[in-house]
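So you can see what is in the structure, the chains are spelled out below.
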Amino acid sequence: MSKITKKVEELVKPILEKYGFDLVDIEFKKEGRSYFLRVYIDKPGGITIDDCQLVSEELSEKLDIVDPIPFSYYLEVSSPGVDRPLVTDRDFIRNRGRVVDVFLNQPFLNRTKITGELVEKNEKSLILIVDKEKIDIPVENIKKVKLAIRF
């Protein structure tokens, strides 16, 4: 994490705690000629546009006062989206009981992608229910986990 993203994290966390939101990620990067500061937030049930606007306004005020970025940039506050990977312990806890896609480094049960209901993740394994059977996938074999999107 850069100095800038650490400072932004310090500024945004109290705002998020006040509203019961979670910080998912902070990105600060140059795209073309412009710099973008993106703050991804979430909450149980999902983030709304109004939630993003609320956090954006309060964070913008704090950024103007503290001024951790000495040049112009665009601030974006948004939901991480449904296609984002589950990474933190909180992600896994919040999504227990939901169907996830698990992408693997090496085949497990003759597959490199397993879809099932998320039961639990611990330091050794990810536990899913697949075809009414509980399976433990070793954490070191997991490349990525994300919510399964079904249409």
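Caption draft 1: Inspection of the sheet that holds strand β1 (residues 22-31) at higher detail. The strand order across the open sheet formed by 3 strands is β1-β2-β3, and the pairing between neighbours is mixed. Each edge of the open sheet is held by one strand with a lone partner, namely β1 and β3 (74-78). Direction aside, neighbouring strands of the sheet carry axes that sit 15 degrees apart on average. Of the pairings in the sheet, the one linking β1 to strand β2 (residues 34-42) comprises 9 bridges and is antiparallel in character. Residue pairing in the sheet places Lys 29 in a bridge with Phe 36 of β2. In this fold helix α1 (residues 3-19) packs onto β1 and β2, with an angle of close to 145 degrees to the strand it touches most, β1.

Caption draft 2: Molecular detail of the pattern of salt bridges. By the definition in use, this model includes 11 salt bridges. Between Glu 27 and Arg 38 there is a salt bridge, with its nearest N and O atoms 3.8 Å apart. Pair noted here: Glu 27 is in strand β1 and Arg 38 is in strand β2, with a separation of 11 residues, a long-range link. Of the charged contacts, one joins Arg 94 and Asp 91 as a salt bridge, the two residues approaching to 3.4 Å between their closest N and O atoms. Of this pair, Arg 94 and Asp 91 both sit in helix α3 (residues 89-94), separated by 3 residues, roughly a single helical turn. Using a relative accessible area of 23% as the deciding quantity, one classes Arg 94 as partly exposed. A relative accessible area of 3% means that Asp 91 is categorised as buried. Residues participating in the shared-partner salt-bridge network are Glu 27, Lys 29, Glu 31, Arg 38 and Glu 76.

Procedures and definitions
Residues numbered from 1 in each chain as written. Predicted model: local features only at pLDDT ≥ 70, side-chain atom pairs only at ≥ 80, totals over all residues. Heavy atoms only, no water. Pairing = 2+ DSSP bridges. Helix = DSSP H or I, 4+ residues; strand = E, 2+ residues; numbered from the N terminus. Axes fitted to C-alpha atoms, helices over the stretch in contact; angles between N-to-C directions. Contact = heavy atoms within 4.5 Å. Salt bridge = Lys/Arg side-chain N within 4 Å of Asp/Glu carboxyl O. Buried < 20%, exposed > 50% of the residue type's maximum accessible area, 1.4 Å probe, protein only.

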